[in-house]
Every structure is written in structure tokens, then in C-alpha cells.
Amino acid sequence: MSHKKIKTISDPKIKLEVLTKEEIIKIHEATLNIIENVGIRFPSKRALEIWEAVGADVNHDKKIVKVKPYLIEDALKQCPPKYVLAARDPQQDLPLDGNHVCLGTDGCGVEVIDINTGEKRTTELQDVRDISRVADATEEVAFHWVPVSAQDTPAEARGLHELKAVWENSTKHVQTESIYNVEEAKASMEMLEILAGGKDKLRERPMLSLMQCTAPPLGHDGGSLDAALIAAEYGVPTGFMTMSSCLTTGPATMAGTLAVGNAEVVAATALLQLAYPGAPVFYAAALTATDPRSGAYTGGGPEDFLFGAAVNALSDFYNIPLSMGSFATGAKEPNWQAGLEGGLSTFMASVVMSDMLLGCGFLHGSRIWSYAEMMMDCEIFSIIHKMMQGIVVDEETLAMDSIASVGPGGHFLAQKHTRNHTRDLFMPQFLDRRPYTLWEDKKDDARDWATAKAKKILKEHQPDPLDEKISKEFERIIKSVEKK
Amino acid sequence: MSEDIEKLYKDMAQSIIDGDSDISVELAQKAIAINMPPLDAITKGFVVGVNYIGDQFGLGEAFLPELVMAGEAMKAAVATLEPELLKLGEARETMGRVVLATVEGDIHEIGKTLVGTMLSASGFEVTDLGVDQPAEKIIGKALEINASIIGLSALLTTTMVRQRELIEELDKENLRPRIKVMVGGAPITRDWATKIKADGTSEDAVGAVKLAKELVGKA
Ligand code: B12
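The numbers attached to residues start from 1 for each chain and follow its sequence in the written order. For this description, chains carry letters from A and ligands carry numbers from 1, given in the order in which they are written. pLDDT decides what is reported in this predicted model: residues at 70 or higher carry local features, side-chain atom pairs at 80 or more are listed and counted, and totals for whole chains, interfaces and linings draw on all residues regardless. As a rule here, side-chain values come from all non-hydrogen atoms in the structure, and water together with hydrogens is ignored.

Structural notes on the overall build of chain A
Right, on to step 1. Secondary structure elements are taken from DSSP: a helix is a run of H or I of four residues or more, a strand is a run of E of two residues or more, and numbering for both begins at the N terminus. When helices and strands are tallied, chain A shows 18 helices and 19 strands.
Right, on to step 2. The C-alpha radius of gyration computed for chain A amounts to 23 Å, which stays within 12% of the reference 23 Å derived for 484 residues, consistent with globular compactness.
Right, on to step 3. In terms of principal-axis extent, the alpha carbons of chain A reach across some 80 × 55 × 50 Å.
Right, on to step 4. Burial analysis of chain A (484 residues in total) assigns 57% to the buried set.
Right, on to step 5. Here a residue-residue contact requires only that any non-hydrogen atoms of the pair lie within 4.5 Å. Restricting the contact set of chain A to residue pairs at least 6 apart, pairs at least 24 apart contribute 76%. Radius of gyration: C-alpha atoms only; globule rule: 2.2 Å multiplied by the number of residues to the exponent 0.38. Buried means the residue's accessible area, taken with a 1.4 Å probe over protein chains only, is under 20% of the maximum for its type, while exposed means over 50%, and partly exposed covers the values in between.

Have a look at this one:
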């Protein structure tokens, strides 16, 4: 039997204000100032034409666009504030309504810690299948990012092979960041149309969403822009992710980096609205600070955590859903650093109710997939899920009768009230609370249990299969994109 | 040597350490004005500063922006002295010429730029073509400036194949081993580098310098 339940954070009891209203407006004004006076690079013919048609100042040589604030602000007003990320199984649809935090896997990894050998190796299509299957079984994972790169498939159709593999191995929503050119974007829309059973149905229940990176500082990638415009045309939710990073692609100061990143996302989002008013869009970000000693971009660290909360303040200001990078770590194996960085980044992004969290499973700055890390990240998410429920204070939870009957001394273990509420407490899977000697006998820990759990799922879990006819159609479309 | 000259060398080094291009250019002009041999200005003055920052960076005491700004200040000083060098028919001895680029279809820039900065700081003459560069252009540039090394960055699994294509092209034209190729980027492993017959790879900029020195036989 497959799990149909998905764990999302909702009705939070904890709140955090990382930026005041005035600070948000200052960043917004800086953003408009950047777009109007410094400009944003849009290296796509189509994008430049759209900007030109609405009267923006377009420099075709440099491909830099400068836009008056009112054009941007009016365009942003067209963004739908709420919509649903549909899943193959409608029970697993995800509402992006500001009251749900949904966890996804991380995506596009290049290496994997092989679950059987424990050795690191290059990723393949089979890894995409396996990881998707494990994610399908896990209630914490609400949607997929294409987790790793199918490097044994032809480069020109790789993004499509990956999508097919996820859809065949899970009924949950799929988001991809590996479709970033016109050919693959068109083909993926064709696949989606077949999956949904028609263009209208696709629009009603988009089972795919697209994430494109911006090209910081203050630019975009042409292929990504064109792919996003195609998705928007089909009503497929599309987001631009800024990865502006203090020191290199942003100023050393966090406020400045927020303004740079925000300008990239806001300008591209406005472009989509100008082309297709009302198209479902989301804000995406993985802002961080570059390591000053090496230039490494790994995510994690206090700036990363603060960004995790700050960006949601901005996306709330624009009233569009947010997909926020969390769980990023530079750790090389699932260890202290990975737990620390995963825990704090995800707490900060969750406490402000980021709609989507990206994502669990990676080590070494989004490069190496680890099943153990994935499972432990899921547990971190569960812990935060529990924390966000806060402390309920009412007659029942104050437990006055129970307290009176126990009185001074004694214990609460034999109370009915206690028994009734024991399961309110968090049941960890991977936290070690054993006696010391038991540990000493085995010297095992969370990593071993997490790996064992993933192995068990891989052995046992069979996701609801995808109609074979649909798979065949997918194959045909993919073949048409592959070079002969 | 007069104290004045001694002080000028010191100031030159300091202008690099401070990453101050205005001052380094000013000092280079002063060197020309007092007829100081341009090569002396470079090797006894400015290079001392570059080496100092490089060492501090290696020790974790100096940070990236300092390194980059020192590189800029150095470049500006050398550019000011270049016409004098030409007049004298002299050339600054470099470790070798490197053409650097991120391959076609790929816009990841930072890693390549860092490698370029470190190579320059270590005495290589680096031509950085930027991102999204087709093989013909990279090879063309390498031939034009008689480069001994091509450095190729690729961060996407879909663009790493461009590294192989470029190497195959060089082989076809019989341009190797005259031109050595080093490769790098997030998905690049030693296995990959071996498989595509590259001359080496490195996971970071410090390693890239070490590799480049080996490739030009100056390790
Ligand atoms: C920052 C970043 C970006 C930024 C780049 C900004 C810029 N101006 O450069 C932006 C946002 C633009 C970006 C875009 C995309 N990215 Co990106 N990006 C990264 C990230 C997080 C860090 C890269 C970085 O700057 N690192 C810091 C520098 C200092 O390190 P480095 O580049 O590795 O370089 C060092 C070494 O590799 C080596 N080196 C590098 N080059 C060379 C060359 C030679 C000759 C040698 C010897 C050594 C060497 O030395 C360098 C210095 O130490 C990586 C993940 C990661 N941690 O690597 C993903 C990553 C590379 N990106 C990825 C992807 C998928 C994309 C996009 C396709 C996403 C999208 N759909 O839009 C686009 C690409 C568009 C395109 N056509 O290129 C994937 C690629 C994996 C894959 N499956 O192919 C990665 C691994 C992340 C992930 N898991 O998703 N990205």
C-alpha cells in the first residue's frame, strides 16, 4: 500500500519578523531603482521584444532593459496569489495558499553515495527512478525536484528522460530545474498535455512546474527565459530563482544582495505577467554568502539562514508563493554540519511559511545525493513541523484533573490523560536516546538507521504505476528530441 | 641603491597589497618619469605585493576581494609599464599564456574567474574569454596569442561534453601536446578528465595553479 498522506506545515503558532515593514519597502524601492536605472540583462530575443512592446528602454546590443517602476508594479498585480500544484494522484495536490509549507527534494545532483556500496559515483537515470520512488513513499516529501542528473542519457533530451523517470515512479507533483531551452520546454509541455489528457486539463491541474535560475548579478539566461515563457503560455507554474551570493554575485552586505536578487526575480516575473497576464508564477531564492577564503558556494551559515526568512517577507509583499532553498550544506557526509545547516535553514524558512522548501538529500553544496541525508532531512522537517504547532493552552492541555489526582510526588504515567496524549509527543526515528552500553555494542547511529530505512523502501515500495500507453507516448516525444 | 628607490619599491608593493589601482598606476608613471627600468618596477616592486597577498590568501589571512583587487592593481600597473617594455624590446617573463573560458551553453562564471585570478597572481598571462564560449573561438584565441594552456570550465552535466569536443578538435588539428588542456567545474571528476584525455583537472583555484605550473614544466 502506498502512503497517500503528505505532511505539510500549516496554521503556524510561531512567528518571526526578520524585516520590518519599512525595511521591506526600502528593499522594494532599491529594487525598482535598480531595474529603472541600472537595468537587467535579458539575453532573449523574445523577452526583449516583450519589453519593447510595453515601452521599456531596451538596449539590443547589450541586451539590457530598463523599466519604469509603474510598469513593474502593474505587471506584478496580475500574479495569482494562490493556486494548486497538481499531482498525478489528486489526493496529493498541494495548495500554495500561504498556509502550507511543502518540502521537496533537492535537485540536479551530479554524484550519489551509492546506497549499496557506500561509494560516491556519477549519477544515472536509474538513480532518478530510485530516489523518486523513495520520495514517493515518504510523507515528508510533498513534491519532487528532479533529484539528480541522468548522465547516461543524451544531453539534448536529458531533462525529458528525467521527467519521465519521476512520473513513472511517483504520483506526487514534479518541479524541474533541468529544462532550460526551447526544444525541451516544448517537448515537456507535450508530455504534460498527454499526462493531463488535454491542454485545458493541463491548465486546470498542472502536474509540473518549472524553476529557472536567474543569472546574477542582474541578468538572466536566454534559454531559461525562453523556456519559462513557454511554460507560462501553458499555464504551468514557473518561478525564477535568484542565487545571488554575498561577495561574488552580490555585495558583501545582505541588504544589497537581497536588492540584487529581488531585482532579478521581480523583473523576470513581471516579464511573464506582461506576456501572459495571470500566469501562475512563484518567487524562488537560494541566496547565500560566498566563502571569503575560497569563493566556495555551498549554502549554509548564518547569512543563509537569515536569507531563508527574509525572502519570504519579500514574496509576501508581492503576494506570490515562494520556493525557498533550505537544507543547503557544505558538509561532505551527513554529519554535525549537515544537521546544523539543515536544521537552522529549514526552521527559518518554515517559521515564515515559505510555500515550498528545496530541498532534502544533498551534501557538498547541492552536488552529492545521499539517501541517509535525505531521510534525516525528512526527520528535521518533521521536528520543525511539530515545533510549528507550538504549545496548545486550553482546559484539556492544562490537565488540571490529572495534576490534582497525582498531587505532590508520584508520577503521571498511570493517568488516563497521559495515555491519551502520549502520542502528541514527537516520536523520533533517528535520534539516539539509548543507554550508553547499547550504543557501545553497535556504535551505530542515525546515518545507519536512515540508510536502512531508505533500503527498506527501495525493496518494498511500489508506487502506483503510470499508464503504459502514456510511457510509450513519452518515449516517442523524447526520441523526437534526441539527435539522430 | 638609494633610499628613495627602496621606498618606491615598497610603496609599489603596498599599492598592490592595498588593491589600489589609482596609486599603482601613479607609481608606475613615476617609475617611467625617473627612468627606472620597467622590469625592475615590476619584479622588485609590484610583484612583491602580489606574492605577499598570494601567500596571505594561502594562509587564510587574506580574503577573495583582497586577492582580486590586488590582481586588478597589478594589471593596471603592468599596463602602464607595457609601452616602455615594448620600446626597450623587453618582455616580462611569465609562467606561460593561458586562455580561459566557460564552455558553450554554460553561464557559470565565478569559478572560472577565480581560477583566472589565481593564475594571474601566480605569474601566468591569462586571457579570460568569459562564459558561453564556442570551441572555435577558444582555440582561435589560443593560436592567436600562442597560449600553452587552455582552461575550460563547465558546471552542467549537459555542457561537460563540450570539453571533450574541444579536446578532440585540438587532436584533429594536431595541436597537442603543444597546447595543454585543463578542465574543471562542479561535475568534473578525475575520471572524466582522464576519459576525455584532458591534461588535468582541479577542484579549486589553488590546485589549478599547481596543475598549470606542472603543465608548463615549472612546478
Ligand atoms: C552559483 C550557481 C549558479 C549561478 C551562477 C552565477 C554566476 N554568475 O556564475 C546561476 C544562478 C547563474 C546558475 C545557473 C544555473 N545552474 Co547553477 N550552480 C551554482 C552553484 C550553486 C555554485 C557554483 C559556483 O559559483 N561555485 C563557486 C565557485 C568558486 O566554484 P566552482 O564554480 O565549482 O569553481 C571551482 C572549481 O570547480 C574549479 N574550477 C572551475 N572551473 C575550472 C576550470 C579549470 C580549468 C580548472 C582547472 C578548475 C576549475 O576551481 C574553481 C575555483 O575554486 C552550483 C552548485 C555548486 N556548489 O557547485 C550550481 C550548479 C552548478 N548549477 C546547476 C544548474 C542545473 C543550473 C541551471 C541549469 C539551473 C536552471 N535551470 O536555470 C542554470 C544554468 C544555466 C546555464 N545555461 O548555464 C547544477 C548543475 C548540475 C547539473 N545537473 O547539470 C548545480 C550543480 C547545482 C544543482 N544541483 O542544481 N547556477
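Things to note about the coordination of the cobalt atom of the ligand
Right, on to step 1. Within the protein, just one atom coordinates the cobalt atom of the ligand: His108(B) (NE2), at a distance of 2.3 Å.
Right, on to step 2. Topologically, His108(B) is positioned in the loop between β1 (96-102) and α5 (110-121). Distances up to 2.8 Å from the metal define which N, O and S atoms are donors, and 3.2 Å serves for Na, K and Ca; water is absent from the atom set, so sites may look incomplete.

Focus on the pairing of strand β6 (residues 102-105) of chain A
All names here are of chain A.
Right, on to step 1. Covered by surrounding structure in β6 are Cys102 and Gly104 together with Leu103 and Thr105, the residues of both alternating faces.
Right, on to step 2. Note: β6 against strand β17 (residues 356-360), 3 bridges, orientation parallel. Across the sheet, Cys102 pairs through a bridge with Met356, a residue of β17.
Right, on to step 3. In terms of strand pairing, β6 meets strand β9 (residues 141-145) through 2 bridges, oriented parallel. Across the sheet, Leu103 pairs through a bridge with Val141, a residue of β9. Strands are treated as partners if at least two bridges between them are detected by DSSP.

Let's talk about helix α2 (residues 45-53) of chain A
Residue and element names in this part refer to chain A.
Right, on to step 1. When we look at burial in α2, the residues that qualify are Ala47, Leu48, Ile50 and Trp51. For α2, the arc enclosing every buried residue in end-on projection is 160°, short of the 170-degree limit, so these residues lie on one face. Exposed residues on α2 whose side chains face more than 90 degrees from its buried face are Lys45 and Ala53.
Right, on to step 2. Packed against the buried residues of α2 are β2 (57-59), β3 (64-66), α3 (69-76), α8 (222-233) and α9 (254-275). In this description, one arc is meant: the one made by directions from the helix axis to the C-beta atoms.

With respect to the domain arrangement of chain B
Many descriptions give the size of an interface as the accessible area lost when the pieces come together.
Residues and elements named next belong to chain B.
Right, on to step 1. Taken domain by domain, chain B consists of domain 1 (2-88) and domain 2 (97-215).
Right, on to step 2. Either an automatic procedure or a domain database provided the assignment from which the domain bounds are taken. One C-alpha centre belongs to domain 1, the other to domain 2; they are set 28 Å apart.
Right, on to step 3. Domain 1 puts 5 residues into the contact, and the matching count from domain 2 is 4 residues.
Right, on to step 4. Taken over both partners, the interface formed by domain 1 and domain 2 buries close to 440 Å², and the fraction arising from carbon and sulfur atoms is 87%.
Right, on to step 5. The term buried area means the drop in 1.4 Å probe accessible area that two parts suffer when joined, counted for both and summed. When residues of domain 1 are sorted by the area they lose upon contact with domain 2, Val50, Leu64 and Leu67 head the list and together hold 59% of the total.
Right, on to step 6. Between Lys or Arg on one side and Asp or Glu on the other, a salt bridge is scored when a side-chain nitrogen of the former is within 4 Å of a carboxyl oxygen of the latter. Along the contact surface separating domain 1 from domain 2 lie 0 salt bridges.
Right, on to step 7. Residues adjacent in sequence count toward polar contacts only when both atoms are side-chain atoms; beyond that, a polar contact is any pair of N or O atoms within 3.5 Å, and within protein one must be able to donate a hydrogen and the other to accept it. The interface formed by domain 1 and domain 2 includes 0 residue pairs in polar contact (both at pLDDT 80 or more).
Right, on to step 8. The set of elements that each furnish at least two residues to the side of domain 1 that touches domain 2 consists of α3 (38-58) and α4 (64-88).
Right, on to step 9. The greatest single-element share of the side of domain 1 that touches domain 2, amounting to 3 residues, is contributed by α4.
Right, on to step 10. All amino acids are sorted into three groups, where Ala, Val, Leu, Ile, Met, Phe, Trp, Tyr, Cys and Pro are nonpolar, Asp, Glu, Lys and Arg are charged, and the leftover types, Gly among them, are polar. Here the residues of the side of domain 1 that touches domain 2 sort into 5 nonpolar, no polar and no charged.

So, the sheet that holds β3(A)
Residue and element names in this part refer to chain A.
Right, on to step 1. Strand order in the open sheet formed by 3 strands is β1-β3-β2, and the pairing between neighbours is antiparallel. Each having just a single partner strand, β1 (40-41) and β2 make up the two edges of the open sheet.
Right, on to step 2. With 3 bridges connecting them, β2 and β3 associate as antiparallel partners. Paired with Asn59 across the strands is Ile64, a residue of β3.

Observations concerning the nonpolar core
One broad rule of soluble globular proteins: the nonpolar side chains tend to lie buried together.
Right, on to step 1. As used here, the term nonpolar core means buried Ala, Val, Leu, Ile, Met, Phe, Trp, Tyr and Cys residues forming a set that is joined through side-chain atoms within 4.5 Å. Phe42(A), Trp51(A), Ile72(A), Trp167(A), Tyr283(A) and Tyr371(A) are the most contacted members of the largest nonpolar core, which totals 129 residues.
Right, on to step 2. The element that contributes the greatest number of residues to this core is α9(A), accounting for 11 residues.
Right, on to step 3. By size, the runner-up hydrophobic cluster in this structure holds 40 residues, among which are Tyr9(B), Ile42(B), Val50(B) and Met74(B).

Concerning the site of the ligand
Right, on to step 1. We call a residue near a molecule or strand as soon as one heavy atom of that residue lies within 4 Å of the molecule or strand. Around the ligand, the surrounding shell holds 48 residues, and the nearest of these are Glu177(A), Ser366(A), His108(B), Glu109(B) and Ser153(B).
Right, on to step 2. Between a nitrogen atom of the ligand and a main-chain N or O atom of Gly105(B), the distance comes to 3.0 Å.
Right, on to step 3. Within the backbone of Ile110(B), a nitrogen or oxygen atom sits 3.4 Å from an oxygen atom of the ligand.
Right, on to step 4. Those elements that place two or more of their residues in the shell around the ligand are β11 (208-213) of chain A together with α5, β3 (149-153), β4 (180-184) and α9 (205-215) of chain B.
Right, on to step 5. The leading source of residues in the shell around the ligand is α5(B), at 4 residues.

So, the pattern of salt bridges
Residue and element names in this part refer to chain B.
Right, on to step 1. One pass over the full model with this rule turns up 29 salt bridges over all chains.
Right, on to step 2. Across the pair Lys44 and Asp40 runs a salt bridge whose closest N-O atoms are separated by 3.7 Å. Taken as a pair, Lys44 and Asp40 lie in helix α3 at a separation of 4 residues, close to a single helical turn.
Right, on to step 3. For Lys44, a relative accessible area of 44% corresponds to the partly exposed category.
Right, on to step 4. For Asp40, a relative accessible area of 22% gives the class partly exposed.
Right, on to step 5. When the shortest N-O distance is used, the salt bridge between Glu125 and Arg97 registers 3.3 Å. Note that Glu125 is positioned in strand β2 (residues 124-128) and Arg97 in strand β1, a separation of 28 residues in sequence.

Observations concerning the domain arrangement of chain A
Right, on to step 1. When its domains are assigned, chain A resolves into domain 1 (2-11 + 80-246 + 277-389 + 469-480) and domain 2 (395-424).
Right, on to step 2. Each of domain 1 of chain A and domain 2 of chain A was reduced to a C-alpha centroid, and the two centroids are 43 Å apart.

A short note on the environment of Thr138(A)
All names here are of chain A.
Right, on to step 1. Mapping Thr138 onto the fold places it in the loop between α4 (125-137) and β9.
Right, on to step 2. Taking the C-alpha atoms as reference points, Thr138 and Lys5, 133 residues apart in sequence, are found 8.9 Å from one another.
Right, on to step 3. For Thr138, the residues in contact, after removing those within four places along its chain, are Lys172, Met374, Met375, Cys378 and Ile457.

Considering the sheet that holds β1(B)
Residue and element names in this part refer to chain B.
Right, on to step 1. With respect to topology, 5 strands assemble into an open sheet ordered β2-β1-β3-β4-β5, the strand pairing being parallel. For this open sheet the edge positions go to β2 and β5 (200-201), each flanked by a neighbour on one side alone.
Right, on to step 2. Where β3 lies against β4, 5 bridges are found, and the strand directions are parallel. When the bridges of β4 are listed, Ile149 appears paired with Lys180.
Right, on to step 3. For helices, the fitted axis covers only the stretch in contact; all axes are lines through C-alpha atoms, and the angles between them, taken along N-to-C directions, range from 0 to 180 degrees. Each of β3 and β4 is contacted by helix α7 (residues 160-172), which is oriented at about 160° to β3, the strand it contacts most.
Right, on to step 4. Most of the contacts of α9 go to β4, to which it runs at about 165°, and overall it touches β2, β3, β4 and β5.

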